[in-house]
Amino acid sequence: MTAIPDINGAAPEVGRARVRKEDHRLITGRTRWTDNIALPGLMHMAFLRSPTAHARIVGIDTSAAKEMPGVIAVFTGDDLDPSGEIGMPNAWPITPDQKTPRRPMLAQGTVNFAGEAVALVVARSAAEAEDALAEIDVDYDDLPVVLGLDNAVAEGAPLVHEDLGTNTSALWVFDSAEAGSGGDVQKAIDDSEVVVTRRFRQQRLVPAFMEPRSVVVDPTAPQLTMWSATQVPHILKTMVAMTLGLPEHQVRVIAPDVGGGFGGKLAVTPEECAAVVVAQKLGRPVKWTESRSETMVSAHHGRDQMQDITISATRDGTVTGLKVDLLADMGAYLGIVGGGVPVLGAFMFNAIYKIPAYRFSCTTVFTNTTLTDAYRGAGRPEATFAIERIMDELAVELGMDPMELREKNWIKHDEFPYTTVSTLTYDSGNYEAATAKAMQLFDYDGCAGNSVNVGNAATRSSSASASRRSPRCAGSHRRGCSARSTTERAAGSTRPSACCRPARSRWSRAPRRTGRATRRRGARSSPTSSAWASTTSRSCTATRSPRTRASTRTVRGRWPSAASPW
C-alpha cells in the first residue's frame, strides 16, 4: 500500500486477472526440459560422489568400471584438468582480502564435503553409467571434519583448506557512524535504558526444485552449444568461456523450460564445466541429469547463519540502536555469489524502522559441508526474521504490545521518501494503513483480547499493556535471559529480567545419525547415508518457526535450565 495517489487513474494491479500465454503448453505436457533433449550419438554422464566430508584421496582405481557394458570412458580430476588450474568462478569477492579456495570440476587431492564429485563415467545410457559407478574403487584417508560455525572459528580448529591457514573467508562491516548515516551504536547501547541480546539460528536448507539440474553439450558444430536447466544462461555462457579458456563467441547457452530454481540454478557448476570438457575430448554430445539424492548433497544449499542481535531502547519503547554480528557458513567452497549473499541482508536489518545507530558485521566461514549460495531472497529473509523477532523480544522486555512498539518506531507515511540508517532510500509506503488492514483481516483485537487500533494510533491503558504478554511468553522466567535493564547490568545482577522465555517447542528433533567410510568401493552419497547425515544434522534445528529459532545457546535448539547444561 502506498500514500502516493495514482495520478493516472489506472485500475489497481492487485487482484487483476492476467492472461498467461505459457500455461497451456505446460499443463498439457508439451514442455521441453533439458532432460528431454536427445541428439544423434548422445552419451550419458554419471558422477561418483564422496561418502565422507573430509579426506585425502589416496588412490582411484577405475579399471573395473571401464570394462562395464556400455561404458565409453571414465575420468578423474587429473584426467579432466592435469595442470590443476581450473576452478569454479566466484564473481563477488566481498573484500579485497577475501580467501577463495579453488573448487575443481572433480576433486583433486582431497574431498571437502560429502557429495563432492570424485570421478565420472560416460556410457551409452544413463543406467549403464550409473551401474559402472559401483565398480570405481576410491581409497580415502580421513581428515578432521569441521562442522558448526562456532567450531570453525574456535582457536585451534581443524582447517577445511590447509593452504589458506584459516577457516575465515572474509569479514565485512557496515557502521552507520563511519558511513555518516547514523550514530555510534556502542554509545547508543551503553546509554540506553534497555538492552536486549539474542542469538538466532538460520538453519541450512536445500532448494528443492521440480526438475533436477541437467545439462546437454553438443561440441560437433563450430559453435559449442549447451542446454542447461539454469536461471542465468548469459552468465553461464560468459563464465564457462572464461573458466575453460574458450572464445565466448564460440559458446552458445540455451535455457529451455527450467522447472524451478529458487536461486538453486543460478550457479556455474562443476558438472556443467565437466560436461563441456568431456564432450570436447570425446567429440560427441553428452548429457547429465542429476538424481534427487544428488540435489540434496551437491547442489548448493541456502542460508545457514548464526545471528547475534543486540537492540537498545528507552523505557517508552523508542529504539536507539541495533547491532548485528553474523557468522555465515559458506560450506567448503564459495559459490558464484556465495560470499555476498549474507551481506545483502546488511541493508535490510533495520527494515521499516527509524533506527538512529546501526552496525552490521558478517564473518564468512568455511566448513566441511555443501557450499551455500543464493536462495529465495538471498540474505533479505534472514534479516527480516531477525529484526521482527528482536522487536518481539524487546516488546516482552518493555511490557508493551508488539504492534504498539512497531508503530512507535516505524517510518510514517508522511515521512517518505526516507533514507534509512543503512543508506537506502525508501520512496513510498504506508505501514499504518497496511498494518491496520492486516490486523482487521485476522481479527487481532479478538485474538489478543484487548483493543488495539494501530491505524488510528489509539493508545491502550498502561494496565492493559502490562497485563498482556506476548503470545510467545511462557509465563515464567528461565535462566539464561540476556535481556537486562541498565540498572541490572550496572549492579552486575545475574537474575532473569522481565523477559519471559518461550517454552520448549513441542516439535521433536530427529535422532542424529553418525558414521564415516574410509575405504568404500563405489560408495555414493544419498540423503539416507550416515556420512551425509553426519555433515548436515547440525543444521536441522527443532523450532516453533519453520525456519529459525531464537536461543541463547544453539546446541539442540533447547533453552538452558537449572537442571540441565542443555
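Residues numbered from 1 in each chain as written. Predicted model: local features only at pLDDT ≥ 70, side-chain atom pairs only at ≥ 80, totals over all residues. Heavy atoms only, no water.

Trainee: Could you clarify how one ought to interpret the overall build of the chain in this entry?
Mentor: Looking only at helices and strands, the chain has 18 helices and 21 strands in total. Taken across its 566 residues, the chain has 53% of its residues classed as buried. The long-range fraction of contacts in the chain, counting pairs at least 24 apart against all pairs at least 6 apart in sequence, stands at 79%. Accessible area of the chain: about 25,100 Å², with a carbon and sulfur share of 52%. (Helix = DSSP H or I, 4+ residues; strand = E, 2+ residues; numbered from the N terminus. Buried < 20%, exposed > 50% of the residue type's maximum accessible area, 1.4 Å probe, protein only. Contact = heavy atoms within 4.5 Å. Areas by Shrake-Rupley, 256 points an atom, 1.4 Å probe, with all protein chains shown as cover.)

Trainee: Mind showing me how you'd approach the nonpolar core here?
Mentor: Looking at soluble globular proteins, one finds that nonpolar side chains tend to be buried together. Grouped together as the largest cluster of nonpolar side chains are 54 residues, with contacts concentrated most on Leu-322, Phe-349, Phe-360 and Leu-394. Mapped onto this core, the elements with two or more residues apiece are α5 (149–153), β7 (168–175), β8 (194–205), β13 (301–313), β14 (319–331), β15 (358–366) and α12 (380–398). With eight residues, the single largest contributor to this core is α12. Excluding its chain neighbours within four sequence positions, the residues that come into contact with Leu-394 are Val-194, Val-196, Ile-311, Ala-313, Val-319 and Leu-405. (Core = buried A, V, L, I, M, F, W, Y, C linked by side-chain atoms within 4.5 Å.)

Trainee: Sorry, what's going on with the packing of helix α8 (residues 233–244) against helix α9 (residues 270–282) here?
Mentor: Each packed pair of helices is defined by two parameters, the angle between the axes and the distance between the axes. One way to put it is that α8 packs onto α9 with a least axis distance of 11 Å and a crossing angle of 60°. By the angle between their directions, the pair α8 and α9 is classed as oblique. Crossing handedness for the pair α8 and α9: right-handed. Residues Leu-236, Val-240, Thr-243 and Leu-244 of α8 lie in contact with α9, whose contacting residues are Glu-272, Cys-273, Val-276 and Val-277. Taken together, the residues of the contact of α8 with α9 break down into six nonpolar, one polar and one charged. (Axes fitted to C-alpha atoms, helices over the stretch in contact; angles between N-to-C directions. Parallel < 35°, antiparallel > 145°, perpendicular 65-115°, else oblique. Left-handed = near helix turned anticlockwise from the far one by under 90°. Nonpolar A, V, L, I, M, F, W, Y, C, P; charged D, E, K, R; others polar.)

Trainee: So what exactly am I meant to see when it comes to the layout of surface pockets here?
Mentor: Volume-wise, the second largest pocket comes out at about 300 Å³. Lining the second largest pocket are 16 residues; nearest its centre among them are Gln-108, Thr-110, Asn-112, His-161 and Asp-163. The residue inventory of the lining of the second largest pocket, partitioned by class, reads six nonpolar, six polar and four charged. (1 Å grid on protein atoms, 1.4 Å probe; cavity = no way out; pocket = protein on both sides within 12 Å on 5 of 7 lines; lining within 4 Å. Points joined across faces, edges and corners; volume = space filled by probe spheres on them.)

Trainee: Hey, could you run me through the pairing of strand β12 (residues 286–289) in this one?
Mentor: Looking down a regular strand, the side chains alternate between one sheet face and the other. Sheet analysis places strand β1 (residues 43–49) next to β12, joined by two bridges and oriented parallel. In the sheet register, His-44 faces β12, and the bridge partner there is Lys-287. When strand β9 (residues 214–218) meets β12, the two strands line up antiparallel, connected through four bridges. Its bridge partner being in β12, Val-215 is matched across the sheet by Trp-288. (Pairing = 2+ DSSP bridges.)

Trainee: I'm lost on the packing of aromatic side chains in this one. Help?
Mentor: Two aromatic rings are characterised by how far apart their centres lie and by the angle between their planes. By the definition in use, this model includes 10 aromatic pairs. Ring centres 5.7 Å apart and planes at 70° place the aromatic pair Phe-416 and Tyr-431 in the edge-to-face group. Taken as a pair, Phe-416 in the loop between α13 (402–409) and β17 (418–419) and Tyr-431 in helix α14 (residues 431–441) lie far apart in primary sequence, 15 residues in all. The exposure class of Phe-416 is buried, given its relative accessible area of 14%. Following the ring pairs from residue to residue traces out a cluster consisting of Trp-172, Phe-174, Phe-347, Phe-349, Tyr-358 and Phe-360. In this structure, Lys-265 packs its charged tip against the face of Phe-209, placed 4.6 Å from the ring centre. (Phe/Tyr/Trp six-rings, centres within 6.5 Å; stacked < 30°, edge-to-face > 60°. Lys NZ or Arg CZ within 6 Å of the ring centre and 35° of its normal.)

Trainee: Teacher, can you tell me more about the pairing of β14 here?
Mentor: With 11 of 13 residues buried, β14 lies mostly within the body of the structure. Summarising the sheet, β13 and β14 pair through nine bridges and their orientation is antiparallel. The residue bridging Ala-313 from the neighbouring strand is Val-319, located in β14. Between β13 and β14, which follow one another and run antiparallel, lie five residues, and Gly-317 among them has a positive phi close to 100°.

Trainee: How should the sheet that holds strand β5 (residues 117–123) be read in this particular structure?
Mentor: The pairing of strands in a sheet happens through backbone hydrogen bonds and is either parallel or antiparallel. Taken together, the seven strands give an open sheet; going across it, the order is β3-β5-β1-β12-β9-β10-β11, and neighbouring strands pair in mixed fashion. Both edges of this open sheet fall to β3 (71–76) and β11 (251–254), since each of them pairs with a single strand only. With direction set aside, neighbouring strand axes in the sheet form an average angle of 20°. One ladder, built from four bridges, connects β9 with strand β10 (residues 224–228); its direction is antiparallel. Within the sheet, the bridge partner assigned to Asp-218 lies in β10 and is Thr-225. Sheet strands touched by α9: β1, β3, β5, β9, β10 and β12. Its angle to β1, the strand with the most contacts, is close to 130°.

Trainee: How should I be thinking about helix α4 (residues 126–133) in this particular structure?
Mentor: Think of an α-helix as turning once every 3.6 residues; residues three or four places apart then point the same way. Within α4 the residues assigned to the buried category are Ala-129, Ala-132 and Leu-133. End-on, the buried residues of α4 take up no more than an arc of 110°, which puts them together on one face. (Arc of directions from axis to C-beta.)

Trainee: How do you make sense of the side chain of Ser-298 when you look at a structure like this?
Mentor: Here Ser-298 shows up in helix α10 (residues 292–298). Side chain to side chain, Ser-298 and Arg-213 meet in a polar contact 3.1 Å long. Of note is the side chain of Ser-298, whose polar atom sits 2.6 Å from the backbone oxygen of Glu-294. Residues in contact with Ser-298, not counting those within four places in the same chain, are Arg-49, Arg-103, Phe-113, Gly-115, Arg-213, Glu-271, Glu-290 and Thr-370. (Polar contact = N/O pair within 3.5 Å; in protein donor to acceptor, adjacent residues only side chain to side chain.)

Trainee: Any chance you could explain the pattern of salt bridges here in plain terms?
Mentor: The final tally for this structure, using the stated rule, is 24 salt bridges. The salt bridge partner of Arg-213 is Glu-290, with a shortest N-O separation of 2.8 Å. Separated by 77 residues along the polypeptide, Arg-213 in the loop between β8 and β9 and Glu-290 in the loop between β12 and α10 bring together distant segments of the chain. Owing to a relative accessible area of 7%, Arg-213 belongs among the buried residues under this scheme. Judged by its relative accessible area of 4%, Glu-290 falls in the buried class. For Arg-315, the salt bridge goes to Glu-397, with nearest N and O atoms at 3.7 Å. Here Glu-397 lies in helix α12 and Arg-315 lies in the loop between β13 and β14, a separation of 82 residues in the sequence. By sharing partners, the salt bridges in this structure join Arg-49, Arg-213, Glu-271, Glu-290 and Glu-294 into a single network. (Salt bridge = Lys/Arg side-chain N within 4 Å of Asp/Glu carboxyl O.)

Trainee: I would appreciate a short explanation of empty space enclosed by the protein in the present structure.
Mentor: Enumeration over the complete set of coordinates arrives at seven cavities of 30 Å³ or more. Volume-wise, the largest cavity comes out at about 140 Å³. If you go around the largest cavity, you meet 17 residues; those closest to its centre are Arg-103, Ala-267, Val-268, Thr-269 and Leu-371. In terms of residue class, the lining of the largest cavity is made up of nine nonpolar, five polar and three charged.

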